[in-house]
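# Residue-level structural notes
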Amino acid sequence: MINVETSSGGHSTPLQPSLRKWISIAPFVLDRKCSAWDNEAKWLPLSGEICKKSFLKFARYLYPTVICLLMIQLYHVYKSYEGSSAALSDITFTIAKGEFVFLTGPSGAGKTTLLKIVFGIERPTEGQIIVDGRNQSRINNRGVSLLRRKVGFVFQDFKLLPKKTVYENVALALEVIGVSPGEVRSKVQRILSYVGLRHRANFKPLSLSGGEQQRVAIARALVKQPAILLADEPTGNLDPELANSIVELFRDVNAMGTTVLMATHDKTLIERFGRRRIALDRGRIIG
Amino acid sequence: MGRSYSLLYILLESVRNIRDNGLTTIVTIVTIGFSLAIFTLFLLVSINISTVIQKWGEQIQVVVYLKDGIPRNEVGRLRKIISNVDGVDKVDYISKESALNILKRELKGYKGVLDAMVDNPLPLSFEVKINESYRSTDKIRYIVSKLEKLEWVDDMQYGREWVERFAGLLKFVELFTLVVGVFLTVAVVFIVSNTVKLAVYARKSEIEITRLIGASNLYIKSPFFVEGVFEGLVGGFMAAGLILLGVKIMSMNVPAMFLHLVAMPVRPLVLLCGLVVAGISFGVVGSMVSLGRFLKV
Ligand SMILES: Nc1ncnc2c1ncn2[C@@H]1O[C@H](COP(=O)(O)OP(=O)(O)O)[C@@H](O)[C@H]1O
Ligand SMILES: [Mg+2]
């Protein structure tokens with residue numbers, strides 16, 4: 001029902017496994033669904049009806065505290081595009097602040113749709129989405145742009161502005177937030193060196209290779225030091241070596257506190273980095 | 001911190017956009033310029049034509065000739081009665097002497113003919129000016145029929161054909177101006193708004209991407225606003241230039257008697273201001289309306 005996997009080698013995951021468990025129960029406590037007890041609370045060294053009741057009461061009190069540790073929460077999210085079958089059905093999971101999560105699944109599983117919903121590009125047909133404490137279902141225009149200021153998104157198709165140079169593309173992400181010109185300059189130069197594109201600063205995106213464009217998109221997402229990084233198959237166009245270096249880059253960013261949710265179908269990458277995994281198939285969480 | 005720097009970025013962005021979309025900007029400016037010029041020239045000519053027609057209409061009058069030997073006090077009484085007839089604006093009394101003077105003035109070259117006259121053969125008369133709303137054949141005929149019955153009235157003259165033609169012309173010009181005016185307005189609004197809309201649509205993906213990286217609606221709209229103002233301003237100046245040029249060319253080639261048709265009823269500065277305001281409204285309103293579609297959640 002809920003998918004919570006704490007990776008074996010997750011030394012940089014900031015939460016203790018038991019706390020993770022608590023977090024995973026939180027949405028069900030909120031729902032007043034006792035199934036949480038039956039399915040998820042088996043690990044508690046308690047049993048019996050009375051214990052169940054007092055557990056739920058306690059959990060309800062604990063919920064506000066736990067909730068502060070969550071960055072992304074989805075509860076029973078459904079999405080169906082007009083004229084096609086459901087792209088997402090009954091998606092419920094939480095991601096804690098500072099986590100690094102792979103979103104996996106075959107093509108058409110709903111990874112992109114899920115990321116878009118978190119980012120506010122698509123609206124869910126049903127369900128609740130809470131990002132950094134704000135419920136997205138009641139969000140307005142202004143709320144969307146405020147959300148996007150703290151979330152970096154690496155699009156599958158990059159979405160770079162063809163008329164602007166690499167430098168201007170990356171700088172725009174800071175300019176729209178109103179960062180001072182001096183700060184923009186130093187931050188953009190730093191991030192371009194970081195992704196190894198300093199020598200391409202004055203090139204237009206279309207004159208770069210696919211891998212380079214990919215890294216411009218990544219630089220643009222990271223330059224504002226986002227609280228959350230959403231990446232839609234950011235290694236799709238790269239050879240394995242570059243793919244590794246990108247994920248390493250994400251790992252470093254994650255170590256500095258950014259919550260990362262990365263969609264990919266690259267099994268070797270997932271195994272190599274061994275982080276928490278949310279697996280989708282045909283719009284459902286399968287593990 | 002945001003606000004103050006945002007303004008700087010918005011201005012920079014506007015300048016960059018005008019530069020990067022040079023051709024679109026020029027097309028928009030030229031469209032606004034020519035559309036406004038055509039529309040204003042039409043307005044100018046139709047205003048002048050209606051002024052001229054108004055003046056012609058003022059010349060519509062009935063001349064009432066009085067019988068010889070009418071007593072002095074009867075003249076005053078008759079004048080009062082005529083003034084009270086429906087549709088009569090003003091009654092001027094023309095004495096025998098003034099009638100002769102008018103005739104002398106009009107027949108300057110044939111002075112000898114008049115000098116030969118011993119007696120003044122001209123009758124006394126009234127010039128009856130007709131109210132604007134009575135300047136049609138039927139209504140004038142109605143007035144004439146009333147005047148005919150009056151004592152001492154000998155004959156009347158009112159240029160029936162001329163009145164008929166005038167009424168027809170008036171109706172035609174009014175209708176023509178209305179129809180062409182409506183067509184022209186629709187065409188101008190359609191062409192300008194379409195040009196602006198296409199310019200906005202050409203930047204659809206740019207707008208969407210900018211929104212995706214967290215720009216507020218205000219941040220996205222503002223450069224379009226600045227560009228709209230710029231294009232409207234230049235377009236307005238261009239229209240003013242075109243009109244002045246057009247009027248100049250016409251006044252050099254048109255016979256003097258038609259010159260008042262292209263006379264400018266307002267001062268050039270007023271014209272310029274009006275055109276610039278119209279141009280800016282076109283530029284700004286057009287792009288804001290087209291933008292609205294991309295800025296919904
Ligand atoms: N804009 C859309 N309109 C209609 N159907 C869509 C749209 N986007 C995605 N879908 C459908 O939703 C399902 C999930 O797509 P997607 O989220 O792109 O999967 P993934 O990113 O895992 O490949 C697919 O069946 C796809 O055809
Ligand atoms: Mg996808």
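Residues numbered from 1 in each chain as written. Chains lettered and ligands numbered in written order. Predicted model: local features only at pLDDT ≥ 70, side-chain atom pairs only at ≥ 80, totals over all residues. Heavy atoms only, no water.

## Remarks on the confidence of the model for chain B
Residues and elements named next belong to chain B.
- Chain-level pLDDT for chain B is 84 on average; 96% of the residues reach the 70-or-more range.
- When mean pLDDT is compared element by element in chain B, helix H8 (residues 204-212) scores highest at 91, while helix H5 (residues 111-115) scores lowest at 69.
- At the level of chain-chain contacts, confidence expressed as ipTM amounts to 0.79, with global pTM at 0.73. (pLDDT = per-residue confidence, 0-100. Helix = DSSP H or I, 4+ residues; strand = E, 2+ residues; numbered from the N terminus.)

## Examining the packing of helix H6 (residues 166-175) of chain A against helix H7 (residues 181-194) of chain A
All names here are of chain A.
- Axis separation between H6 and H7 bottoms out at 10 Å; the angle between their running directions is 120°. Considering the angle they form, H6 stands oblique to H7. Crossing geometry of H6 relative to H7 is assigned as right-handed. Where H6 abuts H7, its residues Val166, Tyr167, Val170, Ala171 and Leu174 lie against Val184, Arg185, Lys187, Val188, Ile191 and Leu192.
- When the residues that make up the contact of H6 with H7 are grouped by side-chain class, the tally is nine nonpolar, no polar and two charged. (Axes fitted to C-alpha atoms, helices over the stretch in contact; angles between N-to-C directions. Parallel < 35°, antiparallel > 145°, perpendicular 65-115°, else oblique. Left-handed = near helix turned anticlockwise from the far one by under 90°. Contact = heavy atoms within 4.5 Å. Nonpolar A, V, L, I, M, F, W, Y, C, P; charged D, E, K, R; others polar.)

## Quick word on the nonpolar core
- Within the largest apolar cluster, 56 residues are counted, with the highest numbers of intra-cluster contacts made by Val170, Val188, Leu192, Phe250 and Met262 of chain A together with Ile207 of chain B.
- What Val188 of chain A contacts, discounting residues up to four positions off in sequence, is Tyr167, Val170, Ala171, Leu174 and Val223 of chain A.
- Within the second largest apolar cluster, 29 residues are counted, among which are Val101, Leu114 and Leu147 of chain A together with Leu212 of chain B. (Core = buried A, V, L, I, M, F, W, Y, C linked by side-chain atoms within 4.5 Å. Buried < 20%, exposed > 50% of the residue type's maximum accessible area, 1.4 Å probe, protein only.)

## As for the interface of chain B and chain A
- Counting residues at the interface gives 24 residues for chain B and 29 residues for chain A.
- Across the chain B/chain A interface, buried area totals approximately 2,300 Å², and carbon plus sulfur atoms make up 58% of it.
- Linking chain B with chain A are three salt bridges, by the criterion used here.
- Counting the contacts that link chain B with chain A gives six residue pairs in polar contact (both at pLDDT 80 or more).
- Ranked by the residues each element gives to the side of chain B that touches chain A, the list is headed by helix H1 (residues 2-20) of chain B, at eight residues.
- Broken down by class, the residue content of the side of chain B that touches chain A amounts to 11 nonpolar, seven polar and six charged. (Buried area = accessible area lost by both parts, 1.4 Å probe. Salt bridge = Lys/Arg side-chain N within 4 Å of Asp/Glu carboxyl O. Polar contact = N/O pair within 3.5 Å; in protein donor to acceptor, adjacent residues only side chain to side chain.)

## Re a nonpolar patch on the surface
Residue and element names in this part refer to chain B.
- On the surface, Leu175, Leu178, Val179, Val182, Phe183 and Val186 cluster together into a nonpolar patch covering about 600 Å² of accessible area.
- Locating Val179 in the fold gives a position in helix H7 (residues 160-201).
- Residue Val179 is classed as partly exposed on the basis of its relative accessible area, which comes to 37%. (Patch = residues over 30% accessible without salt bridge, like charges linked within 9 Å, V, L, I, M, F, W, Y side chains within 5 Å. Areas by Shrake-Rupley, 256 points an atom, 1.4 Å probe, with all protein chains shown as cover.)

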